[in-house]
Structures are given as C-alpha cells and as structure tokens.
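Geometric and topological summary
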Amino acid sequence: MNQKLKIAGWVAAGALAGSLTTVQLQAVARGALAPLPLEELQQLAAVFGMVKTDYVEPVDEKKLISEAISGMVSSLDPHSQYFDKKSFKEFREGTSGRFVGVGIEITMEDGLVKVVSPIEDSPAFRAGLKSGDLITKIDDTAVKGLSINDAVKLMRGEPRTKVLLSIFRKDENRTFPVTITREEIKTQSVKAKMVEPGYAWVRVSQFQDRTVEDFAKKVEDLYKADPKLKGLVLDLRNDPGGLLDAAVALSAAFLPENVTVVSTNGQLADSKFTYTAAPQHYLRRGGPDPVARLSKVTNGALKSVPLVVLVNEGSASASEIVAGALQDHKRGIILGSQTFGKGSVQTVRPLGPDTGLKLTTARYYTPGGKSIQAKGIVPDVMVDETPEGNLFAALRTREADLTKHLTNGNEAKPGDAPMTDAQRAAEQQRDKDREEARKRLEEESKKNPGQRLVPEFGSDKDFQLQQAINKLKGRPVLVSKTQTERPEEKKEN
C-alpha cells in the first residue's frame, strides 16, 4: 500500500465534477499499449489538415487538438474528462476545499446574492458581513440578473486583490459598501449541532482535504458538551463525493478496525484493491490520525452509538461508499431516498504542468460485494423529504439518467437486450412524474419568488431529520408511501 500511495498522489470521489478519482503521478501500464491504428490516425491528421487550410476562418491549432482530445474522452462515459488549464485548476480547487475569494456561503434571493453565512476567520467574516445580508453590486456590476455562478466568478480572483461589495442589510434598512481583500479560503464541509439533549446531527456536504479533521473536531466538541450521547444522525444528503481516503476515514470512525470499507476492480493491477478501516488506507501523508484521536476523546462512543444515515438522490460516490459500508456492516440505519448511483472509479493523470486526463478505470464495490453503479444505495427506510412527499425529487438527475452511463457490471450493457414492458412503463411514469414536478416547481416559484422551496437541512422543519430522530428514539417513523426501489434500467438504442 505504501508503494501504491507513492504512485497515487491523492484519491477523490464525486458525482459529476469530482468523481471517484485517483491522481496518478507516474505513468501506468504504458508498455501494455496495443499497436496504434495507423489508418485511423492518418484520417485524423487529414481532417486536421483540411480544417486548418480550408475552413472559412483561420483556426487555432492548439484549440483544435484540445477539442479533439476532449471529444474522444467525453465519448466514453459521463465522468471521463480532459482537463484544460482552467478546468484542471477548478478540479483541484474543488477537491482541496481551497480557493481564493472573500469567504461566504451564498444563495439567491429576489435576484440578489444572499449571504447564508460568512466562513469563520475569512475576509468576509472579518469585514463584518452577516447572515441575511444581500449583495446588490460586485465592483461596478449589478447583481440583479446574474446567475449564482457568474456572481461567484466575480467575487473570486487572485490573492491580495480587492473587491468592492455593495451590501443591503434588511434589519437596518440601509445599503453600504464593503471593500474586501481576497485570500485563500478553506471551505468547511462539516456542520454539527445537538438537535436536543443526547441527540446529535452531523452534516458532511463534501469529502475534502480537511473533512475528516473538521468532522473529528466537531464531534469531539459535541461529545465534550454532552458526553451522554444517545444517538447520532450522519447527514450525507446532496453530498456529491470528494476524496476517497476521507470516505474511508469517516467510515473507520464508526466501524471496527480493519473491516472492509470498499473495494475497486478494473483492468489495471493498481485498480484492484480493497480499502479497510485502517490508518494505512486513509492517512496519505502520515502525521496525526484524527480518527484515532476522536475514538480516544469519545471513549470509543462512535463505534457503538445508535446511528442513522440520511441520504437522497444527490448523495453520490464517496457518500455512497460511506453509506454502503455502514449498511453492509449493519452499523447504522440508512434513511431517505435511493442514492445517485455513482459507482465508477476515475484516475486523473497530469498531461503537463496545467492539463490532465480523468479516465474511468474501475468500478467500486461495497463490503458485501455489491456494485452500486447506476443503481445506488437503497435505504433501509424510505422517507420523503417533506410530509407532502418528495416534491421535486423527480427533477433530480441520477447516474442511470446520464447518457452513456456504465452498467454495474452484472447486467448486459445498455442496448444489449430490449426493454421489458415493465421497464418501459417505469420510464414513462418517471417522465410523467418529472413533468408534474416541473409544473409544481414553476407554480411554487411564482408564489414564493427567490424563496427556499424545501426546508433547510438541519432546521427544525427538516422532516427527514425529524424522522431520523424518531428512529433513534424507537418512535414510529412516517415512511414514504410512494417511493420504491429504482433498478438500473436498460436503454433502447
């Protein structure tokens, strides 16, 4: 394993952007390459030459080659990807949990950027921004009409550069300018609180470099405040994934030492591996072990405390690894909705100083040997997101909805066998559900413009969290009357 970690710099898992990913620092299996198809390569060179000389306008040669590589890789499956300079930088920022900006969590309200909360000790925090503040202008650009992504791009930039934000504070009924100097921000992917005495809620929104350390610290603080822990809710809803070693470490916090957490299997020898709940499988750079420290501080409480894990359609990859490990080892009750179904492994290899290739190299399997690719984790208890049902869940894309998705390895490839009448009826019903959910979303958006349409995770109106607490207390749980297991369906060609 030590040699494996020398070759692999770090490992990550995620839904669409992150994906279950291993950054390889050395070439792998180059000697095993098959002979190149010379005739096809000659055709590619001929097309390149014709485009260069005959196209109506001059073309950038480097851009043509970059687009050709991108098209070749993206034709394989939804998660293989060529990274140009910009996308490679964004990918590394996403998995490191670090970026350069002002340091605020945001949402949109009435067409303006609303501050959900400033990140502790960030420039925005030190500048006095508060929850509920509305950003009306970023430098000279009015926020009204911008997408949230456009607003984020304007607020990010180079370290030590300044950005001028115009802030409207509702409770003071005033607008004022704030000049903030950008700096590197370390995002916080873990939130935690005591829901009531003895019952804790810990949310992991993404698996990043700091996630395990932050998780350990927050749980330690909860335990010190209330050592008589009766139950814990681990919230992995809408967690798209992130670093694999963080997922293994988080699983190890709850599981007996050395049990299997996840295994991978593919063509390369390095893709065949079993990760266990042991430090050598989650400590990448040595140093202190936050999982061991957490166990010591809590007197091993997390190994036995009653546990409910919340998941939904947005729980993918690394979060599915954790849910699958805890479910297979019967360590906790999985509650919510069937997960995304991202069970493939991608290896990321640098192609140069600023570019890279993310390529699907394996599938991963739960401790019981199940592939969740295009299927997901099926909860032990299915619970809707609100008392009125899963209002907008039908609009959420899952792995099985993606074009060219892999099967889980146990079934025929899409198109190899015709759809059955039952599968066709199920797909038609999903299309109908999506249309109904879309119309409802439009109606609700008109009634409540800019407002949250489903309760905030962890709030006192969070229905699934309420049911999780009921489960921990042995009380009746309002299970879904409509949710059923969604199998991997075959697609017609």
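Residues numbered from 1 in each chain as written. Predicted model: local features only at pLDDT ≥ 70, side-chain atom pairs only at ≥ 80, totals over all residues. Heavy atoms only, no water.

Observations regarding the packing of aromatic side chains
Inclusion rule: By convention, a stacked pair of Phe, Tyr or Trp rings (six-membered ring in the case of Trp) has centres within 6.5 Å and planes under 30 degrees apart, an edge-to-face pair has planes over 60 apart, and any other such pair is tilted. Throughout, exposure labels follow a simple rule: accessible area from a 1.4 Å probe, protein chains only, divided by the maximum for the residue type, with under 20% read as buried, over 50% as exposed, and the rest as partly exposed. Two conditions define a charge located above a ring, namely a distance within 6 Å from the ring centre to NZ of Lys or CZ of Arg, and an angle within 35 degrees of the ring normal.
Tallied over the entire structure, the rule returns three aromatic pairs. Note on Phe83 and Phe88: the rings are 5.5 Å apart at their centroids and 20 degrees apart in plane angle, and the pair reads as stacked. With respect to burial, Phe83 and Phe88 carry one shared label: buried. A cation over a ring is seen here: Lys193 above Trp201, with NZ or CZ 5.7 Å from the ring centre. For Arg237, the ring lying beneath its charged end belongs to Phe457, and the centroid distance is 4.0 Å.

Focus on the pattern of salt bridges
The cut-off we apply is this: Any carboxyl oxygen of Asp or Glu within 4 Å of a side-chain nitrogen of Lys or Arg constitutes a salt bridge here.
In total, this model carries 17 salt bridges according to the counting rule given. In this structure, the salt-bridge partner of Lys52 is Glu61, at a minimum N-O distance of 2.3 Å. For Lys52, a relative accessible area of 43% puts it in the partly exposed group. Glu61 gets classed as partly exposed once you look at its relative accessible area, which sits at 36%. When the shortest N-O distance is used, the salt bridge between Asp221 and Lys217 registers 3.4 Å.

Some remarks on the sheet that holds strand E13 (residues 199-204)
Heads up, the condition is: We call two strands paired when DSSP finds no fewer than two bridges between them. Numbering of helices and strands starts at the N terminus; helices are DSSP runs of H or I of at least 4 residues and strands are runs of E of at least 2. The contact criterion used is simple: two residues touch if any of their non-hydrogen atoms lie within 4.5 Å. Each axis is a line fitted through C-alpha atoms, taken for helices only over the stretch in contact, and angles between the N-to-C directions span 0 to 180 degrees.
The strand order across the open sheet built from six strands is E12-E13-E14-E18-E19-E22, with neighbouring strands paired in mixed fashion. Edge strands, defined here as strands with exactly one partner in the open sheet, are strand E12 (190-196) and strand E22 (381-382). Sheet analysis places E13 next to strand E14 (residues 231-235), joined by five bridges and oriented parallel. Across the sheet, residue Arg203 finds its bridge partner in E14, namely Asp235. Set on the sheet, helix H12 (residues 463-473) makes contact with E12, E13, E14, strand E18 (307-311), strand E19 (333-336) and E22; between it and E18 the angle comes to about 160 degrees.

Overview of the nonpolar core
Where we set the bar: Definition of nonpolar core: a set of buried residues of the types Ala, Val, Leu, Ile, Met, Phe, Trp, Tyr and Cys, connected through side-chain atoms within 4.5 Å.
Counting 50 residues, the largest nonpolar core has Phe207, Phe215, Leu232, Leu234 and Phe254 as the members making the most contacts within it. Ranked by residues supplied to this core, first place goes to helix H8 (residues 244-254) with nine residues. Counting 19 residues, the second-largest nonpolar core is a separate cluster that includes Ile104, Leu112, Val113 and Val143.

So, the side chain of Thr264
As a reminder, the rule being used: Here a polar contact is taken to be a pair of N or O atoms separated by no more than 3.5 Å, where protein atoms must pair a possible hydrogen donor with a possible acceptor and residues adjacent in sequence count only if both atoms sit in side chains.
Structurally, the position occupied by Thr264 is in strand E16 (residues 260-266). A distance of 2.7 Å separates a polar atom in the side chain of Thr264 from the backbone oxygen of Ser271. Once you skip the residues sitting within four places of it in the chain, Thr264 turns out to touch Ser271, Lys272, Phe273, Tyr275, Val345, Ala362, Arg363 and Tyr364.

Some details on the confidence of the model for the protein
Going by this rule: Known as pLDDT, the predictor's per-residue confidence is scaled from 0 to 100.
Averaged over the protein, the pLDDT score is 84; the fraction of residues at 70 or greater is 83%. Taken together, the stretch residues 1-31 has pLDDT below 50 and engages in 105 contacts with residues farther than four places along the chain or on a different chain. Considering only residues more than four positions removed or in separate chains, one finds that residues 412-416, a stretch of pLDDT under 50, has eight contacts.

Examining the side chain of Ser166
In this fold, Ser166 is placed in strand E9 (residues 162-169). Look at Ser166 and you get buried, because its relative accessible area is 15%. Those residues in contact with Ser166 that lie beyond four places of it in its chain are Leu134, Ile135, Thr136, Lys137, Phe176 and Pro177.

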